[in-house]
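Given next are the chains, with one letter for each unit.
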Amino acid sequence: MEREHRRLVVANWKMHFVRAQALEYLRVFTERVLRGVHKTELVLAPPFTLLETVGRELQGTAIKLAAQDLFYEREGAFTGEISPLMLKDLGCSYVIVGHSERRRLFGETNELISKKLRAALDAELIPILCVGETLEERRAGKTQNVLETQIRGALLAPSPLLPSPSKGRGAGGEGERLVIAYEPVWAIGTGVNAEPEEAEASALFIRELVDQLFNTEIAQRIRILYGGSVKPENFEGFVRQPNIDGALVGGASLDPEAFAQMAQIAERC
Ligand code: PGA
């Protein structure tokens, strides 16, 4: 049976832009997409400092707001951290969790990521869990092992994140509460994207793993994105794949014209 795609395209601005730049971006971007992009869910993930400014501008539009990270406690003595409640308060719907830059530069482990995922779900934020192998792991033929370790580590320990098959009723809808982004580390910010077929193979592997760990309904409904050097020129190849629902875009999302172009392509795919 053909899966129904629910398109999702996310702009990860990473550590870019101050307020004036964000406002100028939104002026160009919203004008391009508000007419003509209806089925595709669009999400902007600006740095924390811009969430309020961007959130205010997006009010009354269907474009959603995401944070790039969160801490797992609700409040307390955690200098420098941002809680799920604070993100909700600013109008975030989504939050990126376990991005490879955070794993590599800030030592985030699967254990920490698992806590963050649970905290996001508890606060009714939709986590976008990032997984992917390094070049070394890929060369050693370990891609699937790495994906499996990252996904099991994040979704199963210390307890299953989503209901297991035995919980049965209504469990498929749980699949809507989580997004997984397949982002091969070697493709992020390098200009070297994975081939669409290669990304599809990993997306299929992830979907089958979710099926095995939870149930088929959840596996069918969970949205899987590809990320890593996505740009308007290669975007369509990814979103045409049966198991890829959209993209997590870094560098190319900083250009509002380019990001709007990708939103428009998603809309007709
Ligand atoms: P990139 O980043 O599009 O610049 O490769 C993707 C990401 O890190 O999410």
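Structure shown above.
Residues numbered from 1 in each chain as written. Predicted model: local features only at pLDDT ≥ 70, side-chain atom pairs only at ≥ 80, totals over all residues. Heavy atoms only, no water.

Caption draft 1: Seen up close, the pattern of salt bridges. In this structure the tally under the stated criterion is 19 salt bridges. The residue Glu257 makes a salt bridge to Arg32 at a minimum N-O spacing of 2.8 Å. One end of the pair, Glu257, is in helix H11 (residues 256-268); the other, Arg32, is in helix H1 (residues 19-34), with 225 residues separating them in the sequence. The class for Glu257 is partly exposed, based on a relative accessible area of 38%. Look at Arg32 and you get partly exposed, because its relative accessible area is 30%. Via salt bridges that share partners, Arg6, Glu176, Glu217 and Arg221 belong to a single interconnected network. (Salt bridge = Lys/Arg side-chain N within 4 Å of Asp/Glu carboxyl O. Helix = DSSP H or I, 4+ residues; strand = E, 2+ residues; numbered from the N terminus. Buried < 20%, exposed > 50% of the residue type's maximum accessible area, 1.4 Å probe, protein only.)

Caption draft 2: Main features of the packing of helix H10 (residues 232-239) against H11. Axis separation between H10 and H11 bottoms out at 9 Å; the angle between their running directions is 30 degrees. For the element pair H10 / H11, the angle class is roughly parallel. In terms of crossing hand, the pair formed by H10 and H11 is right-handed. Across the interface between the two elements, Pro232, Phe235 and Glu236 from H10 touch Ala258, Gln261, Met262, Ile265, Ala266 and Arg268 from H11. In the contact of H10 with H11, the residues fall into 6 nonpolar, 1 polar and 2 charged. (Axes fitted to C-alpha atoms, helices over the stretch in contact; angles between N-to-C directions. Parallel < 35°, antiparallel > 145°, perpendicular 65-115°, else oblique. Left-handed = near helix turned anticlockwise from the far one by under 90°. Contact = heavy atoms within 4.5 Å. Nonpolar A, V, L, I, M, F, W, Y, C, P; charged D, E, K, R; others polar.)

Caption draft 3: Local environment of the site of the ligand. In the vicinity of the ligand lie 13 residues, with Lys14, His99, Glu183, Gly189 and Ser229 positioned nearest. With respect to the ligand, the side chain of Lys14 contributes an N or O atom lying 2.7 Å from an oxygen atom. Partitioning the shell around the ligand into residue classes produces 4 nonpolar, 7 polar and 2 charged. (Near = heavy atom within 4 Å. Polar contact = N/O pair within 3.5 Å; in protein donor to acceptor, adjacent residues only side chain to side chain.)

Caption draft 4: Geometry of the environment of Asn234. Relative to the elements of secondary structure, Asn234 occurs in helix H10. Looking at Asn234, the relative accessible area reads 12%, which means it is buried.

Caption draft 5: Geometry of the state of the cysteines. Tallied over the entire structure, the rule returns 0 disulfides. Cys92 takes part in no disulfide bond, and the closest cysteine sulfur to it belongs to Cys130, at a distance of 15 Å. (Disulfide = S-S within 2.5 Å.)

Caption draft 6: Structural detail: the packing of helix H7 (residues 143-155) against helix H8 (residues 196-213). Between H7 and H8, the least distance of the axes is 11 Å, while the angle of their chain directions is 40 degrees. By the angle class used here, H7 and H8 are oblique. Of the two elements, H7 crosses H8, and the hand of that crossing is right-handed. Between H7 and H8, the contacting residues are Thr143, Gln144, Leu147, Glu148, Ile151 and Arg152 on the first element and Ser202, Phe205, Ile206, Leu209, Gln212 and Leu213 on the second.

Caption draft 7: Structural context of the packing of aromatic side chains. Counted according to the given criterion, the structure contains 9 aromatic pairs. Where Tyr226 meets Phe238, the ring centres are 4.2 Å apart and the plane angle is 15 degrees; that geometry is what we call stacked. Placement of Tyr226 in strand S7 (residues 223-227) and of Phe238 in helix H10 is noted, with a sequence separation of 12 residues between them. Pair check on accessibility: Tyr226 and Phe238 agree, each one buried. Taken together, the ring pairs in this structure connect Trp13, Phe17, Tyr25, Phe29 and Phe259 into an aromatic cluster. We note Arg102 situated over the ring of Phe106; from NZ or CZ to the ring centre the distance is 4.2 Å. Above the face of the Trp186 ring, Arg138 is positioned so that its terminal group lies 4.0 Å from the ring centre. (Phe/Tyr/Trp six-rings, centres within 6.5 Å; stacked < 30°, edge-to-face > 60°. Lys NZ or Arg CZ within 6 Å of the ring centre and 35° of its normal.)

Caption draft 8: Highlighting the pairing of strand S3 (residues 64-67). Judged from the 2 bridges that link them, strand S2 (residues 41-45) and S3 form a sheet pairing that is parallel. Each bridged residue has a counterpart across the sheet, and for Val43 the counterpart in S3 is Lys64. Running through helix H2 (residues 51-58), the crossover from S2 to the neighbouring parallel element S3 is right-handed. As defined by bridge partners, S3 adjoins strand S4 (residues 94-97) across 2 bridges and the pair is classed as parallel. Within the sheet, the bridge partner assigned to Ala67 lies in S4 and is Val95. (Pairing = 2+ DSSP bridges. Right-handed = clockwise from strand over helix to strand, strands pointing away.)

Distances and angles like these do not, on their own, reveal function.
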